[in-house]
Amino acid sequence: MDNAAYLDVALRLANADLSEVDGLREALYDEPWWADRVRDEDLAALRPVADGLRRVLAAGVAADRVAVQRETNALLAAHPLRPQLSSGHSEKENWHVHVADPGQSPATEVAAAAAWGVAQGIVHYGLERWGRCAAEDCGKYFLDTSTNRAKRFCSPRCANRVHVAAFRSRRRD
């Protein structure tokens, strides 16, 4: 994985419904080596990580530099990187680096990856590109990588739903 993928993990974890293990598995859909192994204890361990990520992202949306730095550093301190080189998990070589010991619970590596990802996202994009979905019933966080920095919704689904509702409201009037 690379830093962009770790940032994606951080955003998915922050936006996940972590009321049960299936919500965590859904958030980790792109990482089956984690998703297939998560258990209730991983869910319990990752809930505070998700809370910390939401604090970082809320501070980023508010452009609160001090809070972003404080909350991100707290995540990095609580879930430090412990890089390990791997040649792959099968007979075929596939060199890569794990951010934590892959022999430990998935929560250990997910937490380190998410903390690193959000930190690298802040380094790369600054604070101007973080947002929270404008759909009243959503509130998910996102990173606006659009050219004109005009993104207001976390997904096309939310954007379409809001725009269709506004269109129907105008037609009724």
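Residues numbered from 1 in each chain as written. Predicted model: local features only at pLDDT ≥ 70, side-chain atom pairs only at ≥ 80, totals over all residues. Heavy atoms only, no water.

**What about the packing of helix α4 (residues 40-61) against helix α5 (residues 65-78)?**
Relative to each other, α4 and α5 sit at 160°, their axes nearing to 8 Å. What the angle tells us is that α4 and α5 run roughly antiparallel. Helix-helix and strand crossings are classified by hand; for α4 and α5 the assignment is left-handed. Of the residues in α5, those touching α4 at V49, G52, L53, R55, V56, A59 and G60 are A67, V68, E71, T72 and L75. Among the residues making up the contact of α4 with α5, the classes are represented as seven nonpolar, three polar and two charged. (Axes fitted to C-alpha atoms, helices over the stretch in contact; angles between N-to-C directions. Helix = DSSP H or I, 4+ residues; strand = E, 2+ residues; numbered from the N terminus. Parallel < 35°, antiparallel > 145°, perpendicular 65-115°, else oblique. Left-handed = near helix turned anticlockwise from the far one by under 90°. Contact = heavy atoms within 4.5 Å. Nonpolar A, V, L, I, M, F, W, Y, C, P; charged D, E, K, R; others polar.)

**Observations concerning the pattern of salt bridges**
What the rule picks out here adds up to seven salt bridges. Here R70 ties to E71 by a salt bridge, and the two come within 3.5 Å at their closest N and O atoms. The salt bridge partner of R161 is D137, with a shortest N-O separation of 3.1 Å. In this pair, R161 sits in helix α7 (residues 156-172) while D137 sits in the loop between β3 (130-132) and β4 (141-143), placing the two residues 24 residues apart along the sequence. The exposure class of R161 is partly exposed, given its relative accessible area of 38%. Overall, the relative accessible area of 60% leaves D137 in the exposed class. (Salt bridge = Lys/Arg side-chain N within 4 Å of Asp/Glu carboxyl O. Buried < 20%, exposed > 50% of the residue type's maximum accessible area, 1.4 Å probe, protein only.)

**Quick look at the packing of aromatic side chains**
Counted under the stated rule, the structure contains one aromatic pair. Positioned above the aromatic ring of Y29 is the side chain of R12, whose terminal nitrogen or guanidinium carbon lies 4.8 Å from the ring centre. (Phe/Tyr/Trp six-rings, centres within 6.5 Å; stacked < 30°, edge-to-face > 60°. Lys NZ or Arg CZ within 6 Å of the ring centre and 35° of its normal.)

**A look at α4**
Helix length check: α4, at 22 residues, gives a terminal C-alpha distance of 31 Å against a target of 32 Å (1.5 Å per residue), a fit within 8%. Taking the largest bend as the criterion, α4 deviates by roughly 30°, centred on L46, and proline P48 comes between one and four positions later. Regarding α4, the residues found buried are D42, L43, L46, V49, A50, G52, L53, V56, L57, A59 and G60. Positive phi shows up at A63, right after α4, with a value of about 55°. (Expected span 1.5 Å × (residues − 1). Bend = angle between axes of the 7 residues up to and from the residue.)

Worth remembering: the numbers are spatial, not functional.
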